[in-house]
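Fold and contact review
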Amino acid sequence: MAQFGFENDIHSILKLDMPITNAPIARWQRKASSSNTSGLSPGKSANVSLSSSKTPSKTPGKNKKQTPSKMGGDRFIPVRNSKQMDVASFLLTKENEPVDTNNAAGSSESQKAWSMSLNGYNIEDAKILHLGGKPLNAPEGYQNNLKVLYSQGATPASVKKTRYISSTPDRILDAPELRNDFYLNLLDWSSRNVLAVALHNSVYLWDATQGDITLLMKLEREEDYICSLSWTKEGSYLAIGTSDCKVQLWDVDNQKRLRSMASHTARVGSLSWNDHILSRYSCLCILYKRQERTSNTSGVFVRLKYIFLCLPPSGSRSGHIHHHDVRVADHHIFTLSGHSQEVCGLQWSPDGRYLASGGNDNLVYVWPRVQDGSPNQSVHCWSEHQGAVKALAWCPWQPNVLASGGGTSDRHIRIWNVNSGSCISSLDTQSQISSLVFAPNYKELVSAHGYAHNNVVIWKYPALTKVAELNGHEDRVLSLGLSPDCSTVVTVAGDETIRLWKSFEIDPVKKKAKDKLVKSTSSVIHQSIR
């Protein structure tokens, strides 16, 4: 039993919410007793108390300057007797008890009365800071309620509300006989809101505005197939690369083939237009005479219209990139030689200064335009990827920034600065990357993935933090594209479906302000021209 008594003594010593009985007498208690003694027995006892309470001016044995006394003597220490300590302990215990709604009014009045009697004022009226919630009760077994550490969740910061991104596609289209080939580029969306899709040996056009579907062309031989598609900037002409080593140019408005060129020795898996060259060099342009019938009051007449087209460079399985001049019989102008295996990615920069190419040899090349240097001399050659590089995308608002994505053996997105030649950032996506595109509405990067996730991921640029995942395809995603208004992403996958994801719709208020700005700018330009 002695040990239990010892434990009780220890607990009573550690308990801070009651007075310590066997401790030395506090200073304020000594002063109180001395003042009481002086009041009860005047004379000699008073003189003794006064002399004992007075602080000596000098330290005995040492010659020091006298410390000036302050007004009012020593600091005031309030008297707290055992009764008041018991009341304080009772109030602390009362605060931790659950609130009874029935007696809430009476409880508040009693607390106010206690506060007035103890402090001389209502403490609720003197609070500077006030916690919204009461602290939790001490767990069972705690001897001292004052020693409980209360944990409270951090107040959530004011987080800016982000847009809603639907996890389901806005529309699903069937794509029968789609070739499940990672190295092909079978999808492209024009500036006229027309989607071109290659299904085996045929090219279909889907008008996203009207919903109409048109068969543009079909190869003669059944064993041949379409390998790549690329629209011009105006959206009137479509370049088509085929497995029989040819590049065909089609006038979509009249559904007429303008020319078929054969210069490659293998299939043409990638195409890219560069309309910027049209204003600088005519060597990559075609002069095409088209008849247009217009009507006026006097009748109908025929007008000849000459249209300049910039033919894209083409990349083939042989690893060569060809440029063409379709005005002459010998249309092949020059060849870019760098890749040792199939060229599966080809993209011109927004300002038309550089051509980026990616191949199955895990290399990324950056080529200059003709007037900026030798057409056969690359500006950069990056070998950091450990897999085939098909996914290439230039940043629209930073023309010197290029994004590239590696295949199954690499799975990294790498951001390059073409001016310095350095890798700005790198991210392991844990999945094969088949396509990349920048979304300017929210300054984000969209990636399409094959094995093992088979999904689409939206990344915040340049932090490359994940914004959303778009799941739904049952097989690897082969290609993706962006709508003309940059609000919708289209994906095509090996499950023979095309899915449209409306993930980048602009806020109506911002869109209205943007349209107003564009309208005012065009009005100013129109007035200056007049």
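Computed from a predicted model, the values in this text were never measured in an experiment.

There is a patch of nonpolar side chains on the surface, built from Y204, I213 and L215 and spanning about 290 Å² of accessible area. Locating I213 in the fold gives a position in strand β5 (residues 213-218).

What follows deals with the sheet that holds strand β24 (residues 433-439). An order of β24-β25-β26-β27 is seen for the four strands of this open sheet, with the pairing classed as antiparallel. Strands at the two margins of the open sheet, each flanked by one partner only, are β24 and β27 (465-470). Across this sheet, the average inter-strand angle for adjacent strands is 20 degrees, counted without regard to direction. Where strand β26 (residues 456-460) meets β27, five bridges bridge the pair, whose relative direction is antiparallel. Counted as the bridge partner of K460 is T465 from β27.

All right, on to the sheet that holds strand β1 (residues 171-174) then. Two orientations exist for strands paired in a sheet by backbone hydrogen bonds: parallel and antiparallel. Here we have four strands laid out as an open sheet, ordered β1-β30-β29-β28, and antiparallel in their pairing. Two strands lie at the open edges of the sheet, namely β1 and β28 (477-482), each paired on one side alone. Mean inter-strand twist for the sheet, computed between neighbouring axes without regard to direction, equals 20 degrees. When β28 meets strand β29 (residues 489-493), the two strands line up antiparallel, connected through five bridges. Bridged to L482 within β29 is V489.

Inspection of every chain in the model, using the stated rule, returns eight salt bridges. Three or more residues are tied together by salt bridges with common partners; here these are D181, R267 and E342.

On to the side chain of H380. Relative to the helices and strands, H380 resides in strand β19 (residues 380-382). By relative accessible area, H380 is classed as buried at 15%. Reaching out from H380, the side chain makes a polar contact with the backbone oxygen of V418 at a distance of 2.6 Å. Other than its neighbours up to four places away in sequence, H380 contacts V364, Y365, V366, V418, S420 and G421.

Within the largest apolar cluster, 33 residues are counted, with the highest numbers of intra-cluster contacts made by L238, I240 and I498. Every element with two or more residues in this core is listed here: β2 (187-189), β3 (194-199), β4 (202-207), β5, β6 (226-231), β7 (237-242), β29 and β30 (497-501). At six residues, β3 tops the list of elements feeding residues into this core. The residues contacting I498, other than those within four sequence positions of it, are R171, I172, L173, A175, L195, V197, V490, T491 and V492. Counting residues in hydrophobic clusters, the runner-up holds 17 residues, among them A439, V489, A493 and W501.

Let us look at a negative patch on the surface. Taken together, the side chains of D174, E177, E222 and E496 define an acidic patch exposed on the protein surface. Positionally, E496 belongs in the loop between β29 and β30. Owing to a relative accessible area of 34%, E496 belongs among the partly exposed residues under this scheme.

Time to look at the packing of aromatic side chains. For any pair of aromatic rings, the description consists of the separation of the ring centres together with the inter-plane angle of the planes. Summed over all chains, the structure comprises seven aromatic pairs. Plain terms: the ring middles of F182 and Y183 are 5.3 Å apart, the flat faces sit at 85 degrees to each other, and that makes the pair edge-to-face. For Y183, a relative accessible area of 24% corresponds to the partly exposed category. When the centroid spacing of 4.3 Å and the interplanar angle of 10 degrees are considered together, the rings of W382 and W416 count as stacked. Here W416 lies in strand β22 (residues 412-417) and W382 lies in strand β19, a separation of 34 residues in the sequence.

Before going further, it helps to examine the pairing of β22. Taken across its six residues, β22 has six buried, putting it largely inside the fold. Residue alternation in β22 divides its side chains into two sets, H412, R414 and W416 and I413, I415 and N417, and both sets are buried. Bridge analysis of strand β21 (residues 398-406) against β22 gives five bridges, and the strand direction is antiparallel. Each bridged residue has a counterpart across the sheet, and for V401 the counterpart in β22 is N417. Where β21 hands over to β22, the hairpin turn is made up of five residues, of which R411 adopts a positive phi near 65 degrees. Sheet topology places β22 next to strand β23 (residues 422-428); six bridges connect them, and they run antiparallel. Across the sheet, residue R414 finds its bridge partner in β23, namely S426. Joining the antiparallel neighbours β22 and β23 is a turn of four residues, in which G421 adopts a positive phi near 80 degrees.

A few words now on the confidence of the model for the protein. Predicted coordinates in areas of low pLDDT are best not read in detail. Across the protein, pLDDT averages 75, with 58% of residues at or above 70. Under a pLDDT of 50 for its full length, residues 58-62 has, in the predicted model, one contact with residues more than four places off or in other chains. Every residue in residues 276-318 scores below 50 in pLDDT, and together they form 131 contacts with partners more than four places removed in sequence or on other chains.

Next up on the list: the pairing of β7. Among the six residues that make up β7, six are buried, leaving the element largely enclosed by the rest of the structure. Burial of the side chains of β7 extends over both faces: Y237, A239 and G241 are buried on one face and L238, I240 and T242 on the other. Counting the residues that bridge the hairpin from β6 to β7 gives five residues, and of these G235 lies at a positive phi of roughly 85 degrees. In this sheet, strand β8 (residues 246-251) lies alongside β7 in antiparallel orientation, the contact comprising five bridges. Paired with L238 across the two strands is W250, which belongs to β8. Where β7 folds back on β8, the antiparallel hairpin that results is connected by three residues, among which C245 adopts a positive phi of roughly 70 degrees.

The rules behind the values
Residues numbered from 1 in each chain as written. Predicted model: local features only at pLDDT ≥ 70, side-chain atom pairs only at ≥ 80, totals over all residues. Heavy atoms only, no water. Patch = residues over 30% accessible without salt bridge, like charges linked within 9 Å, V, L, I, M, F, W, Y side chains within 5 Å. Areas by Shrake-Rupley, 256 points an atom, 1.4 Å probe, with all protein chains shown as cover. Salt bridge = Lys/Arg side-chain N within 4 Å of Asp/Glu carboxyl O. Helix = DSSP H or I, 4+ residues; strand = E, 2+ residues; numbered from the N terminus. Pairing = 2+ DSSP bridges. Axes fitted to C-alpha atoms, helices over the stretch in contact; angles between N-to-C directions. Buried < 20%, exposed > 50% of the residue type's maximum accessible area, 1.4 Å probe, protein only. Polar contact = N/O pair within 3.5 Å; in protein donor to acceptor, adjacent residues only side chain to side chain. Contact = heavy atoms within 4.5 Å. Core = buried A, V, L, I, M, F, W, Y, C linked by side-chain atoms within 4.5 Å. Lys, Arg positive; Asp, Glu negative; His and termini not counted. Charge placed at Lys NZ, Arg CZ, Asp CG, Glu CD. Phe/Tyr/Trp six-rings, centres within 6.5 Å; stacked < 30°, edge-to-face > 60°. pLDDT = per-residue confidence, 0-100.

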